[in-house]
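Fold and geometry: a report
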Amino acid sequence: MTAEIVGFWVAAVVLVGASLAVVLTPNLFHAVLWLAASLVATGVVFLLLDSPFLFAVQLLLYAGGVVTIVVFAIMLTERLVGESIRQTSRFVFNGAVLAAAVFVGIASFLLHAPAVARPAVSGDQLRELGRALVGPFAAPLQLLGVLLVIALLGALYFARTED
Amino acid sequence: MPLSAYLVLAALVFAIGLFGVLTRRNAVGILLGIELMLNAVNINLVAFSRFRADLAGLIFTLFTIAITVAEVAVGLAIVIVIFRVRRTIEADHLDLLRG
């Protein structure tokens, strides 16, 4: 139990720190690297919640895939070296007030919620997950495949060259 | 750790992502903020799934992750097209539709 508490606080500090760096650093390229750190920390939170499969998915798809795509987009739209990648933010005060208000609103609601006991891990979670994906969730899974194909075709259509 | 600890952590990350969306000028920066917000939602889903011993949360998380990847691909394609046409991805400069 102690290991979980220590792990939670380490993951939470890394996650919040990296997330703050994503939104505060002036260099957009550094922001993407901080996003990768933040996504890995989220994966560690998944591990703490006894979901090693989601940890692997998080690393492969998010930290591997999304970060690579964003890096490519930055390289295509801005020069990597030079002034153009540096950016200033706007409405920092208003944004901070609004974000803090949202957080306080959600957190004050959560802290009044009754405590729930954590049930013990039962059975092979991955096996259950696989059975659910081809059982009750088979139709959404197929729709998801259709959505991915459409999204990638759309991205290709947008990014095609004029010829 | 209790369930509320995970939920408060997710709310904090969500608020940070919201701050990023509101304050970034660069369209890619705004997308990074959206990524953070979606990520916070995933923490919520997994935490509820674990504490309620219900597998649906994990499956929703898988769907969210896949949809986010599609969203990023389309969003960045749009950003690249906008850059090709307007030579800028500053959100403040993209006011063609303003009346």
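Residues numbered from 1 in each chain as written. Chains lettered and ligands numbered in written order. Predicted model: local features only at pLDDT ≥ 70, side-chain atom pairs only at ≥ 80, totals over all residues.

Within chain B one finds 3 helices and 0 strands. Counting helices and strands in the order they occur from the N terminus, chain B gives α-α-α. Against the compact-globule benchmark of 13 Å for 99 residues, chain B has a radius of gyration of 17 Å, which places it well outside the compact range. Along the longest, intermediate and shortest principal axes, the C-alpha atoms of chain B span 50 × 25 × 20 Å. Buried positions account for 52% of the 99 residues belonging to chain B. (Helix = DSSP H or I, 4+ residues; strand = E, 2+ residues; numbered from the N terminus. Rg over C-alpha atoms; globule rule 2.2 N^0.38 Å. Buried ≥ 20, exposed ≤ 12 C-beta atoms within 10 Å, placed from the backbone.)

Here we take up unusual backbone geometry. Backbone geometry places Asp50 of chain A, a non-glycine residue, at a positive phi of 60°. Of note, Asp50 of chain A is situated in the loop between helix H2 (28–48) and helix H3 (52–77). A residue is classified by how many C-beta atoms lie within 10 Å of it, and Asp50 of chain A, with 15 of them, is partly exposed. In this structure, Ala53 of chain B is a non-glycine residue whose phi angle is positive, near 55°.

With 21 residues, helix H1 (residues 3–23) of chain B should cover 30 Å at 1.5 Å per step; its first-to-last C-alpha distance of 31 Å lies within 8% of that length. Most of H1 of chain B is tucked away, with 17 of its 21 residues classed as buried. (Expected span 1.5 Å × (residues − 1).)

Considered domain by domain, chain A is made up of domain 1 (2–115) and domain 2 (124–163). Its C-alpha centre places domain 1 of chain A at a distance of 24 Å from the equivalent point of domain 2 of chain A. (Domains from an automatic or database assignment.)

Another aspect to go through is the interface of chain B and chain A. Often, the extent of an interface is quoted as the loss of accessible area upon association of its parts. On the side of chain A, 72 residues touch chain B, which itself brings 58 residues to the contact. Looking at the side of chain B that touches chain A, the elements with two or more residues in it are H1, helix H2 (27–52) and helix H3 (56–86) of chain B. Among the elements that take part in the side of chain B that touches chain A, H3 of chain B stands out by supplying 20 residues, more than any other. In the side of chain B that touches chain A, the residues fall into 44 nonpolar, 10 polar and 4 charged. (Contact = placed C-beta atoms within 7 Å. Nonpolar A, V, L, I, M, F, W, Y, C, P; charged D, E, K, R; others polar.)

With 62 residues, the main nonpolar core has Val32 and Leu35 of chain A together with Ala10, Val13 and Val28 of chain B as its most contacted residues. Contributing elements (two or more residues each) for this core: helix H1 (2–24), H2, H3 and helix H6 (138–159) of chain A together with H1, H2 and H3 of chain B. A total of 14 residues in this core trace back to one element, the largest contributor, which is H1 of chain B. Setting aside its immediate chain neighbours within four residues, Leu35 of chain A contacts Val22 and Val67 of chain A together with Leu32 and Glu35 of chain B. (Core = buried A, V, L, I, M, F, W, Y, C linked by C-beta atoms within 7 Å.)

A separate point is the confidence of the model for chain B. All names here are of chain B. Of all residues in chain B, 99% attain a pLDDT of 70 or more, and the chain-wide mean is 87. The weakest mean pLDDT in chain B belongs to H3 at 87; the strongest belongs to H1 at 92. What the predictor reports for the complex is a pTM of 0.88 with an ipTM of 0.88. (pLDDT = per-residue confidence, 0-100.)

Residues and elements named next belong to chain A. Their axes nearest at 8 Å, the elements H1 and H2 cross at an angle of 155°. Regarding the angle of H1 to H2, the classification is roughly antiparallel. Remark: the crossing between H1 and H2 carries left-handed chirality. Only Ala31, Trp34, Leu35, Ala37, Ser38, Ala41, Thr42, Val44, Val45 and Leu48 of H2 make contact with H1, whose side of the interface consists of Glu4, Gly7, Phe8, Ala11, Val14, Leu15, Ala18, Ser19, Ala21 and Val22. Of the residues assigned to the contact of H1 with H2, the class counts are 15 nonpolar, 4 polar and 1 charged. (Axes fitted to C-alpha atoms, helices over the stretch in contact; angles between N-to-C directions. Parallel < 35°, antiparallel > 145°, perpendicular 65-115°, else oblique. Left-handed = near helix turned anticlockwise from the far one by under 90°.)

Relative to the helices and strands, Leu148 of chain A resides in helix H6. For the pair Leu148 of chain A and Ala107 of chain A, spaced 41 residues apart in the sequence, the C-alpha separation amounts to 34 Å. The contacts of Leu148 of chain A, once residues within four sequence positions are left out, are Ala66 and Ala70 of chain B.

Further remarks concern the packing of H3 of chain A against H3 of chain B. Two elements in contact, H3 of chain A and H3 of chain B, have axes whose closest approach is 10 Å; the angle formed by their N-to-C orientations is 5°. Compared by their axis directions, H3 of chain A and H3 of chain B come out roughly parallel. From H3 of chain A, Leu54, Val57, Leu61, Tyr62, Gly65, Val66, Ile69, Val70, Ala73, Leu76 and Thr77 of chain A reach across to H3 of chain B, where they touch Leu58, Thr61, Leu62, Ile65, Val69, Val72, Ala73, Leu76, Val79, Ile80 and Phe83 of chain B. Per-class residue counts for the contact of H3 of chain A with H3 of chain B are 19 nonpolar, 3 polar and no charged.

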